[in-house]
Amino acid sequence: HERSITEPNLVVPITIHPAFDKACEYFKIEIIKVPVDAKTGQVDPAELERHINQNTIAIAGSGPNYPYGTVDRLQELSDIAVRRGLPMHVDCCLGGFVVPFLERAGVENAPVCDFR
């Protein structure tokens, strides 16, 4: 590995799909779960960034998430990933196949969740 990480971790919102727990357990990756805002159901990108450390191999956000169907602030999470040189996964659970088309369908303030 380029960064010589021997104890990798993945930093995600607590609302990330349960499959992340299973994958992290299987691959022996520590999963660091960041709380979400009680009102919005979204992870605070600054709070997520505070949990990134030298062993972080990636971050993730949801568009939408598993328990509430809310979409994380993906552009801000992406900016953090780019700035930190980390991969980012957007988990598009339950209805995620619709989110990339909301803007074109005329939904105001539609979240951006595509390959721009």
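Predicted model only: the values in this text are computed from it and were never measured. (Residues numbered from 1 in each chain as written. Predicted model: local features only at pLDDT ≥ 70, side-chain atom pairs only at ≥ 80, totals over all residues. Heavy atoms only, no water.)

1. Structural notes on the side chain of Asp91
Formally: Put simply, DSSP marks the helices as runs of H or I at least four residues long and the strands as runs of E at least two long, and each gets a number from the N terminus on. Only protein chains enter the calculation, and the probe is 1.4 Å; a residue is then buried if its accessible area is under 20% of its type maximum, exposed if over 50%, and partly exposed in between. In summary, the charge assignment counts Lys and Arg as positive and Asp and Glu as negative, without counting His or the chain termini. Should a side-chain nitrogen of Lys or Arg be within 4 Å of a carboxyl oxygen of Asp or Glu, the pair is scored as a salt bridge. The contact criterion used throughout is that any non-hydrogen atoms of two residues lie within 4.5 Å.
As for its position among the elements, Asp91 is in strand β4 (residues 88-91). Look at Asp91: it is buried, it has no salt bridge, and the nearest opposite charge is Lys33 at 12 Å. Aside from chain neighbours lying at most four places away, what touches Asp91 is Ile16, His17, Phe20, Gly61, Ser62, Gly63 and Pro64.

2. Some remarks on the sheet that holds strand β1 (residues 9-13)
Put simply, the test is: Pairing between two strands requires that DSSP report at least two bridges joining them. What counts as an axis is a line fitted to C-alpha atoms, over the stretch in contact for a helix, and the angles between N-to-C directions run from 0 to 180 degrees.
Strand order in the open sheet formed by four strands is β2-β1-β3-β4, and the pairing between neighbours is parallel. A strand with exactly one partner marks an edge of an open sheet, and here the two such strands are β2 (30-34) and β4. Taken pair by pair, the neighbouring strands of this sheet meet at an average axis angle of 25°, ignoring direction. Contacting β1, β2, β3 (56-62) and β4, helix α1 (residues 19-27) runs over the sheet at an angle of about 150° to β2.

3. Regarding the pattern of salt bridges
Taken as a whole, this structure holds five salt bridges when the rule is applied. With a closest N to O distance of 2.7 Å, Arg50 and Glu47 form a salt bridge. Highlighted residues: Arg50 and Glu47, both in helix α2 (residues 45-50), separated by three residues, approximately one helical turn. Arg50 gets classed as exposed once you look at its relative accessible area, which sits at 57%. A salt bridge links Arg73 to Glu76; the shortest N-O distance between them is 2.9 Å. The exposure class of Arg73 is partly exposed, given its relative accessible area of 33%. On the accessibility criterion, Glu76 (36% relative accessible area) is partly exposed.

4. What about helix α3 (residues 74-84)?
What counts, and what does not: Working definition: the arc comes from the directions between the helix axis and the C-beta atoms, pointing outward to the latter.
Taken residue by residue, α3 has Leu74, Leu77, Ile80 and Ala81 as its buried positions. In a view along the axis of α3, the buried residues occupy a sector of 120°, so they form one face of it. Away from its buried face, by an angle of more than 90 degrees, α3 presents the exposed residues Gln75, Val82 and Arg83. The elements touched by buried residues of α3 are α2, β3 and β4. Downstream of α3 by a residue or two, Gly85 has a phi angle that is positive, lying close to 70°.

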